[in-house]
Amino acid sequence: MKDPITFEITHVCKQSGARTGILHTPHGDVETPMFMPVGTQATVKFISPEELYSLGAGVVLANTYHLWLRPGPTILEKAGGVHKFMNYRGPMLTDSGGFQVFSLADSRKITEEGVTFKNEINGDMLFLSPEKSIEIQNSIGADIMMSFDECIPYPATYEYAKKSMERTLRWAERGKKANKNPETQAIFGIVQGGDYEDLRTYCADKLVEMDFPGYAIGGTSVGEDKETMVRMVGYSVKNLPYEKPRYLMGVGAVNDLLEAISLNIDMCDCVLPTRLARHGTLMTSEGRITIKKAIYKEDFTPLDPNCDCYCCKNYTRAYLNHLKRTEEGFGTRLLSIHNVRFLIKLMEEAREAIRQDRYNDFKQEILETMHFDERGF
C-alpha cells in the first residue's frame, strides 16, 4: 500500500548539508523546510484561511484534544473533515493530544492503556488512548496524524524517561494499527527519551522498524535551555531515515528554526507568532519590537521595511501603536498577520540560501542582524 504522503529531497547545501524538499500530500505539495502555523481550534488565531494562503502558508495544524471537546468528532465527520469545516484547501496536520495531557499534569493518571484526565471545560473525566487518539484524528481528517505519546517534563530521571519512552513506542505501534484511513491519512512516529542519547537513539531505531512515512521529535521546548534542546534534536535525528521528513514539534523562535534546519529538520510549528502578537510583540528583520512603547507613537514608518506582508505595506508603527494601546482587535489581527508571514518568509529565504549553497552564511547574517536574549526570539 502506498503511503498517502511522500517526500522528495530537491537540494542539499554544499556549505552546510541543510536540505530543501517537497512534501507531497493529498491536499497539495509544500516546500520544505517550512514553518507551520497552528490552528488550535480549527482556526489560526485572528487570521482567515484566505489570508493564510496569501501569507504563503502550507501545512496548518489543528489540535486533537481541543477539537475532541469542541465541536466533537461527530460534527467534524458530518462537515466532511477539518478541511471543509474551516475552508482550508491546503494540507493539515493534527497533534495527538499528548502535549495537552502533559500540560494537565495535576489531573492526569497515566497507565499502559492510556491517560485519564479531567475535561477542562466541564470537569468530566476523559480517557485518551492511542486508539482513541487516532480515531479522533481520523474523524478530523488531517493529512498527517501524530502518534499518541507522553511528553515528559524536563528534567526527568533516566528511569522515568526510559519507562515513558518504552510505553510511547508501544502506543505508537497500537496507534499505527488503529488507523482506519491508511490510504489518505499518514501517521508520524514521535521520538522521545528526554535528554538521554541512548534512549532517543533506541526510540528512533524502533520507530524506524515500524516504518512510518515521517518522524517527529517530541519532548523539546519544555523548559530546557537552548543547548540542551539542540542536543536532544541531534540525538533524535541521527538514526532516522534520511529520505523521510522530520518534524520538530513546538519550535518557532528564529534562532531555533535556523538551528533546526542545520540539523536537517524539514517541518516546525509553534503558537509563538500569534501569541506574541496578542501581547504587542513583533518579529522584525532588526529584532524584537514591543509596539506599545511610547517611542512608536509618532513613528510613521512601516513596521518592517523588509517585510512584504499586508500589515507592513499598508500601516505605520504609529498606527499599530495606537491600535494596541486602545486594545482594538484590528491591531492584533495586523500583528498576527505580520508575525506569521515573518516566519514563513524566513523559511522561504532559508530555502533559497540552501539552493545557493550558502546556508551557513545566511544563518550567520540573520543571527547578527537580529537581537536575541537568553530565551531566543
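Quick note: structure is the one above.
This structure is a prediction, so every number in the text was calculated from the model and none was measured.

What counts as what
Residues numbered from 1 in each chain as written. Predicted model: local features only at pLDDT ≥ 70, side-chain atom pairs only at ≥ 80, totals over all residues. Heavy atoms only, no water. Helix = DSSP H or I, 4+ residues; strand = E, 2+ residues; numbered from the N terminus. Buried < 20%, exposed > 50% of the residue type's maximum accessible area, 1.4 Å probe, protein only. Contact = heavy atoms within 4.5 Å. Axes fitted to C-alpha atoms, helices over the stretch in contact; angles between N-to-C directions. Parallel < 35°, antiparallel > 145°, perpendicular 65-115°, else oblique. Left-handed = near helix turned anticlockwise from the far one by under 90°. Nonpolar A, V, L, I, M, F, W, Y, C, P; charged D, E, K, R; others polar. Pairing = 2+ DSSP bridges. Expected span 1.5 Å × (residues − 1).

Asker: Help me understand the side chain of His66, please; the structure alone is not making it clear to me.
Answerer: Turning to its location among the elements, His66 is positioned in helix H2 (residues 64-69). His66 gets classed as buried once you look at its relative accessible area, which sits at 19%. When neighbours within four sequence positions are excluded, His66 is seen to be in contact with Thr40, Gln41, Gln100 and Glu120.

Asker: Which parts of the structure should I look at to understand the packing of helix H10 (residues 254-262) against helix H14 (residues 329-355)?
Answerer: Two measures define how a pair of helices packs: the angle their axes make with one another and the distance between the axes. The N-to-C vectors of H10 and H14 enclose an angle of 30 degrees; their axes lie 11 Å apart at closest approach. Compared by their axis directions, H10 and H14 come out roughly parallel. Considering the relative orientation of H10 and H14, their crossing is right-handed. Contact residues: H10 offers Val254, Leu257, Leu258 and Ile261, while H14 offers Phe342, Leu343, Leu346, Met347, Ala350 and Ile354. When its residues are assigned to classes, the contact of H10 with H14 shows 10 nonpolar, no polar and no charged.

Asker: Sorry, what's going on with the sheet that holds strand S5 (residues 60-62) here?
Answerer: Strand pairing within a sheet occurs via backbone hydrogen bonds; the two strands may be parallel or antiparallel. Ordered by their spatial adjacency, 8 strands build an open sheet running S4-S14-S13-S12-S11-S10-S6-S5, and the pairing between neighbours is parallel. The strands lining the two open edges of the sheet, one partner per strand, are strand S4 (34-37) and S5. Strand after strand, the sheet turns through a mean of 30 degrees between neighbouring axes, direction not considered. Relative to strand S6 (residues 92-94), S5 runs parallel, the two sharing 3 bridges.

Asker: What is the right way to look at the sheet that holds strand S7 (residues 109-110) in this model?
Answerer: Taken together, the 3 strands give an open sheet; going across it, the order is S7-S8-S9, and neighbouring strands pair in antiparallel fashion. Since the sheet does not close on itself, it has two edges, and those belong to S7 and strand S9 (125-128), each with one partner. Taken together, the 4 bridges between strand S8 (residues 115-118) and S9 define a ladder with antiparallel strand orientation. Residue pairing across strands places Lys118 opposite Met125, the latter belonging to S9.

Asker: It is not clear to me how H14 should be interpreted in this structure. Could you clarify?
Answerer: For the α-helix, the turn length of 3.6 residues means that residues three or four positions removed from each other point alike. Relative to the 39 Å expected for 27 residues at 1.5 Å per residue, H14 spans 40 Å between its end C-alpha atoms, a close match to the ideal helical length. Taking burial as the measure, the 27 residues of H14 include 20 buried ones, the bulk of the element. Immediately downstream of H14, the backbone of Asp357 shows phi near 60 degrees, a positive value.

Asker: Would you take a moment to explain the pairing of strand S16 (residues 287-290) for this structure?
Answerer: The two faces of a sheet get side chains in turn, since along a regular strand they alternate between them. Relative to S16, strand S15 (residues 281-284) runs antiparallel, the two being bridged by 4 bridges. By the bridge assignment for S16, Thr281 is matched with Thr290. Counted along the chain from S15 to the antiparallel partner S16, the turn is 2 residues long.

Asker: Would you mind showing me how to read unusual backbone geometry here?
Answerer: For residues other than glycine, phi is negative in most cases, and the peptide bonds are mostly trans. Here the bond from Thr32 into Pro33 is cis, since omega is 0 degrees, no more than 30 degrees from zero. Structurally, the position occupied by Pro33 is in the loop between strand S3 (28-32) and S4. The omega torsion across Arg70 and Pro71 is 5 degrees, close enough to zero to call that bond cis. Along the polypeptide, Pro71 turns up in the loop between H2 and helix H3 (73-79). Of note, Phe46 is a non-glycine position whose phi angle comes to about 75 degrees, a positive value. Counting through the fold element by element, Phe46 comes out in the loop between S4 and helix H1 (49-55).

Asker: Sorry if this is basic, but what is going on with the packing of helix H13 (residues 317-325) against H14 here?
Answerer: Between H13 and H14, whose axes approach to 7 Å, the crossing angle comes to 130 degrees. Classed by the angle they form, the pair H13 and H14 counts as oblique. Classified by chirality, the crossing of H14 by H13 is left-handed. Counting all contacts with H13, which are made through Tyr319, Leu320, Leu323 and Lys324, the residues of H14 involved are Phe330, Gly331, Thr332, Leu334 and Leu335. When grouped by side-chain class, the residues that make up the contact of H13 with H14 number 6 nonpolar, 2 polar and 1 charged.

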